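Chain by chain, the residues run as shown.
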Amino acid sequence: MMEAQWTPTPCPRPPSVVFLLMATSCTWLLPVTAPQRVPIDPQAAPEYAHSIRLDGDIVLGGLFPVHSRGDRGTPCGDLKKEKGIHRLEAMMFAVDLINKDPELLPNITLGARILDTCSRDTYALEQSLTFVQALIERDGSDVRCANGDPPIFTKPDKIVGVIGAAASSVSIMVANILRLFKIPQISYASTAPELSDNTRYDFFSRVVPPDSYQAQAMMDIVTAMEWSYVSTLASEGNYGESGVEAFVQISRETGGVCIAQSLKIPREPRKGEFDKIIRRLLETSNARAVIMFANEDDIREVLDAAKKNNQTGHFLWVGSDSWGSKIAPVIGQEREAEGAITILPKRASIDAFDRYFRSRSLSNNRRNVWFAEFWEENFNCKLGMHGKRPGSLKKCTGLEKVGRDSSYEQEGKVQFVMDAVYAMAHALHRMHRDLCYGYPGLCPRMASSIDGKELLSYIRAVNFNGSAGTPVVFNENGDAPGRYDIFQYQITNRSTAEYRVIGSWINKLHLNVEAMRWKKGDPSLPPSVCSIPCRAGERKKVVKGVPCCWHCERCEGYHFQASEFTCELCPYEKRPDANRTGCVPIPIIKLEWHSPWAVFPVFISMLGIIATSFVIVTFVRHNDTPIVRASGREMSYVLLTGIFLCYAITFLMIAAPDVGVCSFRRIFLGLGMCFSYAALLTKTNRIHRIFEQGKKSVTAPRFISPASQLAITFSLISVQLLGVFVWFAVDPPHTVVDYGEQRTQNPTSARGVLKCDISDLSLICSLGYSILLMVTCTVYAIKTRGVPETFNEAKPIGFTMYTTCIIWLAFIPIFFGTSQSAERMYIQTTTLTISLSLSASVSLGMLYMPKVYVILFHPEQNVPKRKRSFKAIVTAATMSGKLSQKGDRPNGEVKTELCESMETNTRGTSEGRT
């Protein structure tokens, strides 16, 4: 029966909004070529002119990019030998294997309806409408043939599932149609993360992992390479944009990697567009690593632009699976692509397919409507007068052989095409087992219609070993697990370029860094960082908004690097180490004996001790001579003891501090001066009282005997000792380490000073009483300045006190004026000891050296004189004072005589009382 010819009438209103898309494509319902009936010939029908049809009990649809995108308004362009022909032949090969397998879908024949998408989503949408024709109910009630007979419709194939498509943009467009008719779809190459949305693409599954896994794998590579500053480059469209979006999202979640720039390659790039992209990438030249989600044509143009701009070797390319291990993008641009790291889903070459495809010829492969075009393209020849290749090419003989007369390498997605077909077959097999158990062939439940939603549940539950021996499974979103091989494009020593496997990613990265090679074979990792890592002891001051860019700031002073971003102050007793990454104890020092600050005071003290010891020995040996007796032997020994202690305190001040040394310092620091000035004060007070009493009466004043003098002196000394003991009780002596004394701006010079816990205030209190005695003694020296200069040491005592006051007046500003100096310990200790030694030396030199001189070198002057009464002696002394005012010089005999007389009188009084 002839097929009816239709008159142009509007298309029937479809029951769903999707048919709005079909309103302009009524030709699939309404052939309008001839007014008469034509014979029904499926092979010659126009609807099959650009598709492959394999009859079967169950028919699967197939979408493959047999041709590239056309230019200037034409839908299709050049033939794609590998991506198109290899892949669709893989589907037909898989269908053949399944139909021959007695265990898989026994007694059931799989068929196929394969369409060309021409690498364009809109064209693919039009083609995919073929898959839903059988599900659209045709209303022919208003249609009649020219002779009035009812129309006869060609029954379209009922598609139960679709294999494809390749490009993510095409799969997204087709999936929106297929889900409305509940037709499951399994893609062999679409990797856009958007397709993992099970709420929008619930009937979509894929045997390749989504780009979210790929993006994670690329992020792991970047992290392993220690690249923290990268740019991204994407081809416009779902694949490129969603891939980059997934990478950027992961970088935000994990941190550690910053995106310098995110650039997009337009679908229709203008002239100079790729040069502009290279120049923009160079604006952030530190971001040498470029993450690429781009098609192979764009990859090639980018490499060419880098070559034109003399940037060979600058960029570190990280390519997605669209680059993979393909030769096409890098031919003639090997140097520009050197070192590129690419990623590709784990795959294996199917040897059975190689044998199958190599055996294809024009005679045995008539079912492939594009095989003749492939034959011309592959062998660079022309098939007769109607060949599609222009020009004066050689004529094809038909005897050419694939792999012998042309190069052949299995396309990378062949494995996944076969796995997709097998996944559909296994789902149908399990569905048949459950619905048609024990029934040979299709049972009525499956023959009438196969529920797409039910079939989808079987698809998601499949679990089998695929064509490469790897498991084929789907998660709840229809995604395959992530399994990738990682390649690097390397140029060997023989100047041959090749992709080498350097690692893999199966849920985590396994990277062989030692196998990596960069420009000129350099194995060291090239950098791609915004800022170089800070050195030890430097903190990062992050640039606002760009966490991978920072300025390095040195931790200054006593701060150390506590973390990557902070400097903290070391504890008070510590300082930063050499790297400023931690703190170390500050070295503790004390005044050493060999220090110049100690040598000079010790030398003076030793001389003073020797001199003092010599004077004491001399006085002891000549204890009963008139000069010694006239000096007041008891008070002289007390004074000499104080002088000795003033010299000896130097050794205690320089000795290493401990509790014992600190205790002795407290006791003897002011005791030597107290002994000296208590004795001198008692002497001057005695002289003053004698002459004041002599002016009033001839009786001797009270308490002028040696015993009384000693009692007064030790009473004064006991006050000092009492204060020291109170000090001991209130604040027991101990040592401290003063870290503030030598805390210099440069921590390396900082030192802790080990010393006794004697503050400046405590020192003043300890010496204050002695200074008070010294000042009081000076006052009495001034009062007795009118006494004849040879009378009982009044004048030498006065000179001694004047000089001592000058010494201590100089000591105070030196001692307290250096309290902030780094050399404080040395200066103050040296100043204090030298001041004590000078005070003792003045007393020793002015009061005792003249006497020792007379005793040793003029013994003839050291003889007793005749004795007179106390009144006569005082009168003589008074007269002597008056004569001295007139310029006469007395012979000094009065002094000795007075002392001897008072000593004799005192002893006589004591004996009489006894």
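Residues numbered from 1 in each chain as written. Predicted model: local features only at pLDDT ≥ 70, side-chain atom pairs only at ≥ 80, totals over all residues. Heavy atoms only, no water.

### Remarks on the sheet that holds strand 10 (residues 258–265)
So, point 1. With mixed pairing, the eight strands of this open sheet are ordered in space as 10-9-11-12-13-16-17-18. The sheet is open, and its two edges are formed by strand 10 and strand 18 (509–511), each paired on a single side. Geometrically, the sheet is characterised by an average inter-axis angle of 25° between neighbouring strands, direction not taken into account.
So, point 2. Relative to strand 16 (residues 484–491), strand 13 (residues 341–345) runs antiparallel, the two sharing five bridges. Paired with Leu344 across the strands is Asp485, a residue of strand 16.
So, point 3. Its contacts with the sheet place helix 5 (residues 238–254) against strand 9 (229–235), strand 10 and strand 11 (289–293), and it is angled at close to 160° to strand 9. (Pairing = 2+ DSSP bridges. Helix = DSSP H or I, 4+ residues; strand = E, 2+ residues; numbered from the N terminus. Axes fitted to C-alpha atoms, helices over the stretch in contact; angles between N-to-C directions. Contact = heavy atoms within 4.5 Å.)

### Here's the deal with the sheet that holds strand 26 (residues 735–742)
So, point 1. Ordered in space as 25-27-26, the three strands form an open sheet in which the pairing is mixed. Where the open sheet ends on each side, the last strands, each with one partner, are strand 25 (588–589) and strand 26.
So, point 2. Two elements, strand 25 and strand 27 (residues 751–756), share two bridges in a ladder whose sense is parallel. Directly across from Ile588, in strand 27, lies its bridge partner Gly752.
So, point 3. Against the sheet, helix 21 (residues 824–847) makes contact with strand 25, strand 26 and strand 27, and its axis sits at roughly 115° relative to strand 26, the strand it touches most.

### Some thoughts on a positive patch on the surface
So, point 1. Residues Arg270, Lys276, Arg279 and Arg280 make up a contiguous surface patch of positive charge.
So, point 2. Arg279 gets classed as partly exposed once you look at its relative accessible area, which sits at 48%. (Patch = residues over 30% accessible without salt bridge, like charges linked within 9 Å, V, L, I, M, F, W, Y side chains within 5 Å. Areas by Shrake-Rupley, 256 points an atom, 1.4 Å probe, with all protein chains shown as cover. Salt bridge = Lys/Arg side-chain N within 4 Å of Asp/Glu carboxyl O. Lys, Arg positive; Asp, Glu negative; His and termini not counted. Charge placed at Lys NZ, Arg CZ, Asp CG, Glu CD. Buried < 20%, exposed > 50% of the residue type's maximum accessible area, 1.4 Å probe, protein only.)

### A short note on the nonpolar core
So, point 1. Core analysis: the biggest nonpolar cluster contains 68 residues, and Leu88, Met91, Leu110, Ile186, Tyr188, Phe353 and Leu428 have the highest contact counts within it.
So, point 2. Counting residues per element, this core draws most heavily on helix 11 (residues 414–435), at 14 residues.
So, point 3. Of all hydrophobic cores here, the second largest spans 48 residues; its members include Leu773, Ile797, Cys805 and Ile855. (Core = buried A, V, L, I, M, F, W, Y, C linked by side-chain atoms within 4.5 Å.)

### Thoughts on the packing of helix 21 against helix 22 (residues 849–857)
So, point 1. Packing of helix 21 against helix 22 brings their axes to within 4 Å, and their N-to-C directions diverge by 40°. Comparing their axes, helix 22 and helix 21 come out oblique. Contacts from Leu844, Gly845, Met846 and Leu847 of helix 21 reach helix 22 at Met849, Pro850 and Lys851. (Parallel < 35°, antiparallel > 145°, perpendicular 65-115°, else oblique.)

### What about helix 11?
So, point 1. Relative to the 32 Å expected for 22 residues at 1.5 Å per residue, helix 11 spans 32 Å between its end C-alpha atoms, a close match to the ideal helical length.
So, point 2. When you tally the buried positions in helix 11, you get 17 out of 22 residues, the bulk of the element. (Expected span 1.5 Å × (residues − 1).)

### Structural notes on unusual backbone geometry
Apart from glycine, the bulk of residues carry a negative phi angle, and the bulk of peptide bonds sit in the trans form.
So, point 1. For the bond from Gly164 to Ala165, the omega torsion is 0°, close enough to zero to count as cis.
So, point 2. Here Ala165 shows up in the loop between strand 6 (159–163) and helix 3 (168–178).
So, point 3. Positive phi is not limited to glycine here, since Asn107 has a value of about 65°.
So, point 4. Within the secondary structure layout, Asn107 lies in the loop between helix 1 (81–100) and strand 5 (110–116).
So, point 5. What makes Asn107 exposed here is its relative accessible area of 60%.
So, point 6. If you check the backbone angles, Asn310 has positive phi at about 55° while not being a glycine.
So, point 7. With respect to the helices, strands and loops of the structure, Asn310 is situated in the loop between helix 7 (296–308) and strand 12 (316–319).
So, point 8. For Asn310, a relative accessible area of 68% gives the class exposed.

### Regarding the state of the cysteines
So, point 1. Applying the stated criterion across every chain, the model contains nine disulfides.
So, point 2. Note that Cys436 is cross-linked by a disulfide to Cys443, the S-S spacing being 1.7 Å. Handedness here is read from the sign of the S-S torsion; for Cys436 and Cys443, about -50°, the answer is left-handed. Accessibility assignment for this pair places Cys436 and Cys443 in one class, buried.
So, point 3. The disulfide that involves Cys530 links it to Cys549, with 1.8 Å between the sulfurs. Torsion about the S-S bond of the Cys530 and Cys549 cystine: about 110°, corresponding to right-handed handedness. Here Cys530 is found in the loop between strand 18 and strand 19 (538–543), whereas its partner Cys549 is found in strand 20 (residues 546–554), with 19 residues between them in sequence. In this pair, the class of Cys530 matches that of Cys549, namely buried. (Disulfide = S-S within 2.5 Å.)

### What about a nonpolar patch on the surface?
So, point 1. On the surface, a nonpolar cluster with roughly 430 Å² of combined accessible area is contributed by Phe614, Tyr853, Leu856 and Phe857.
So, point 2. Of note, Phe614 is situated in helix 14 (residues 596–621).

### A short note on the confidence of the model for the protein chain
So, point 1. This prediction gives the protein chain a mean pLDDT of 82; 84% of its residues lie at or above 70.
So, point 2. Note that residues 1–49 has pLDDT below 50 and, in this model, 63 contacts with residues that lie over four places away or in other chains.
So, point 3. In this model residues 880–914 is a low-confidence stretch, pLDDT under 50, and it forms 45 contacts with partners more than four residues away in sequence or in other chains. (pLDDT = per-residue confidence, 0-100.)

### Things to note about the packing of helix 6 (residues 273–282) against helix 7
So, point 1. The N-to-C vectors of helix 6 and helix 7 enclose an angle of 65°; their axes lie 9 Å apart at closest approach. What the angle tells us is that helix 6 and helix 7 run roughly perpendicular. Considering only the axes of helix 6 and helix 7, their crossing is right-handed. Between helix 6 and helix 7, the residues in contact are Phe274, Asp275 and Ile278 and Asp298, Glu301, Val302, Ala305, Ala306 and Lys308, respectively.
So, point 2. For the contact of helix 6 with helix 7, the per-class residue count stands at five nonpolar, no polar and four charged. (Left-handed = near helix turned anticlockwise from the far one by under 90°. Nonpolar A, V, L, I, M, F, W, Y, C, P; charged D, E, K, R; others polar.)

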